[in-house]
Amino acid sequence: MYRELRRLLRASLLTVHVLLGVSLALGVLLLPFGAMRRRVPAISAWWLSRGIAVLGVRVLVRGRPHHAPVLMLANHISWLDILVLATQSDSGYVAKAEVAEWPLLGWLARVGGTEFIRRGSHPDLARVLGQMAWRLKAGQRITVFAEGTSGGKVLPGRFRPRLIKAAVTAKVPVQPVAIYYGSHPERIAFVGEDSFIQNLWALMGAEPVLAEVTFMPVLGTVSGDCRLLADESWRAVTHALTRLELFERESRQAQGLTAGDAELIRI
């Protein structure tokens, strides 16, 4: 009963929010004002951050995104990650080409400045690296989900180094970012055979979610060693997530709670 009412309310609010996003996107595309187009990252971040509230996600932040151009390297659990990060940064994103095919939101992501990359295509990789380097040199921030895929586990897979080359070329630092949804991220993860619509429908009926984001100190790219930078960022993110999971487990044990009870308290 409550789940369906919650889903109905969120679906209604989300519909209005998406229509607002379409209006903003059309304004960016149709108005011939350079100032409007320069505001795309900020407009996109504002719209995404409001979307996270509609879906019942609260964001707790530690640290701050780097104040200057930077390539942020984050772990990846769900498409919600972009909305969570948008509450703190006007960063652009790099996403797999399949996201561009999502109903309406794929188009909104493209208008908002997301770079799409086709897996296994070396020409497309070169194109995206060129675009990323250009945007970083122009003073923008860009976020890459460095595992190359999303997953339903707390700890991330190894970070891939290939897109870090853009930061080396642009001579900007990288910043590790850890995203934590609790010790049971599989409840919101976007993996397996689920479609975007199925995952969204499930989230709209779910209990509120607490997302914890940790921005860590930047790493200089002067060495030019992309593999080293990927490994150092992966270790920093893994360490942060391990500490958060350990703290949650110790708190649960201290209060004599079950896993389910602890999740309810977190949210």
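This report concerns the structure included in the present document. (Residues numbered from 1 in each chain as written. Predicted model: local features only at pLDDT ≥ 70, side-chain atom pairs only at ≥ 80, totals over all residues. Heavy atoms only, no water.)

Here we look at the overall build of the protein
Per the secondary structure count, the protein includes 10 helices and 7 strands. Residues classed as buried in the protein amount to 49% of the 267 residues present. By sequence separation, contacts in the protein at least 24 residues apart represent 79% of the contacts at least 6 residues apart. In the form shown here, the protein has an accessible surface area of approximately 13400 Å², with 61% of it arising from carbon and sulfur atoms. (Helix = DSSP H or I, 4+ residues; strand = E, 2+ residues; numbered from the N terminus. Buried < 20%, exposed > 50% of the residue type's maximum accessible area, 1.4 Å probe, protein only. Contact = heavy atoms within 4.5 Å. Areas by Shrake-Rupley, 256 points an atom, 1.4 Å probe, with all protein chains shown as cover.)

Considering a nonpolar patch on the surface
Nonpolar side chains collect at one region of the surface, where Leu26, Leu30 and Trp107 lie side by side and expose about 290 Å² of accessible area between them. Secondary-structure assignment places Leu30 in helix H1 (residues 2-30). (Patch = residues over 30% accessible without salt bridge, like charges linked within 9 Å, V, L, I, M, F, W, Y side chains within 5 Å. Salt bridge = Lys/Arg side-chain N within 4 Å of Asp/Glu carboxyl O.)

Description of the pattern of salt bridges
Within the structure shown, the criterion is met by 10 salt bridges. With a shortest N-O distance of 2.8 Å, Arg7 and Glu4 are connected by a salt bridge. Remark: Glu4 and Arg7 occur in helix H1; sequence separation between them is 3 residues, near one turn of the helix. Taking the relative accessible area as the measure of exposure, Glu4 reaches 45% and is therefore partly exposed. Of the charged contacts, one joins Glu212 and Arg62 as a salt bridge, the two residues approaching to 2.9 Å between their closest N and O atoms. Here Glu212 is found in strand E7 (residues 209-215), whereas its partner Arg62 is found in strand E1 (residues 57-62), with 150 residues between them in sequence.

Examining the sheet that holds strand E3 (residues 92-96)
As summarised here, the arrangement of the 7 strands in space is E1-E7-E6-E2-E5-E3-E4, forming an open sheet in which the pairing is mixed. Looking at the sheet topology across the chains shown, the edges are occupied by E1 and strand E4 (115-117). Sheet twist, expressed as the mean angle between neighbouring strand axes with direction ignored, is 25 degrees. Alignment of E3 against strand E5 (residues 142-145), held across 3 bridges, turns out to be parallel. From the neighbouring strand, Tyr93 faces E5, where its bridge partner is Thr143. On the sheet, helix H6 (residues 122-137) packs against strand E2 (71-74), E3, E4 and E5 and is oriented at approximately 160 degrees with respect to E4. (Pairing = 2+ DSSP bridges. Axes fitted to C-alpha atoms, helices over the stretch in contact; angles between N-to-C directions.)

Observations concerning the nonpolar core
Judged by nonpolar contacts, the single largest core of 40 residues is most densely connected at Leu55, Val57, Trp79, Leu80, Leu85 and Tyr181. Listed by contribution, the elements that provide at least two residues to this core are H1, helix H3 (40-54), E2, helix H4 (80-86), E3, strand E6 (174-180), helix H8 (196-204) and E7. Among the elements that take part in this core, H4 stands out by supplying 5 residues, more than any other. Formed by 32 residues, the second largest nonpolar core is a distinct cluster that contains Val94, Val172, Met216 and Trp234. (Core = buried A, V, L, I, M, F, W, Y, C linked by side-chain atoms within 4.5 Å.)

Observations concerning helix H9 (residues 226-255)
Think of an α-helix as 3.6 residues a turn; residues three or four steps apart then line up on the same face. Between the first and last C-alpha of H9 there are 44 Å, a value that for 30 residues agrees with the 44 Å anticipated at 1.5 Å per step. You can read the cap of H9 off the contacts: a side-chain oxygen lies 3.3 Å from the backbone nitrogen of Arg227, and it is on Asp225. Note on H9: the residue one or two positions beyond its end, Gly256, has a positive phi of about 65 degrees. (Expected span 1.5 Å × (residues − 1). Polar contact = N/O pair within 3.5 Å; in protein donor to acceptor, adjacent residues only side chain to side chain.)

As for the packing of aromatic side chains
Overall, the coordinates contain 1 aromatic pair when judged by the stated rule. On the basis of an interplanar angle of 10 degrees and a centroid distance of 6.4 Å, the ring pair of Tyr93 and Phe145 is categorised as stacked. With Tyr93 in strand E3 and Phe145 in strand E5, this residue pair connects regions lying 52 residues apart in the sequence. On the basis of relative accessible area, Phe145 is assigned to the buried category, the value being 9%. One residue, Arg158, lies across the ring of Trp234, its end atom 3.8 Å from the ring centre. (Phe/Tyr/Trp six-rings, centres within 6.5 Å; stacked < 30°, edge-to-face > 60°. Lys NZ or Arg CZ within 6 Å of the ring centre and 35° of its normal.)

Observations regarding the environment of Arg7
Taking the relative accessible area as the measure of exposure, Arg7 reaches 8% and is therefore buried. It is 4.8 Å that separates the C-alpha atoms of Arg7 and Met204, two residues lying 197 residues apart in sequence. In this view, Arg7 contacts Trp201, Ala202, Met204 and Gly205; residues no more than four positions away in its chain are not counted. A polar atom in the side chain of Arg7 sits 2.8 Å from the side chain of Glu4.

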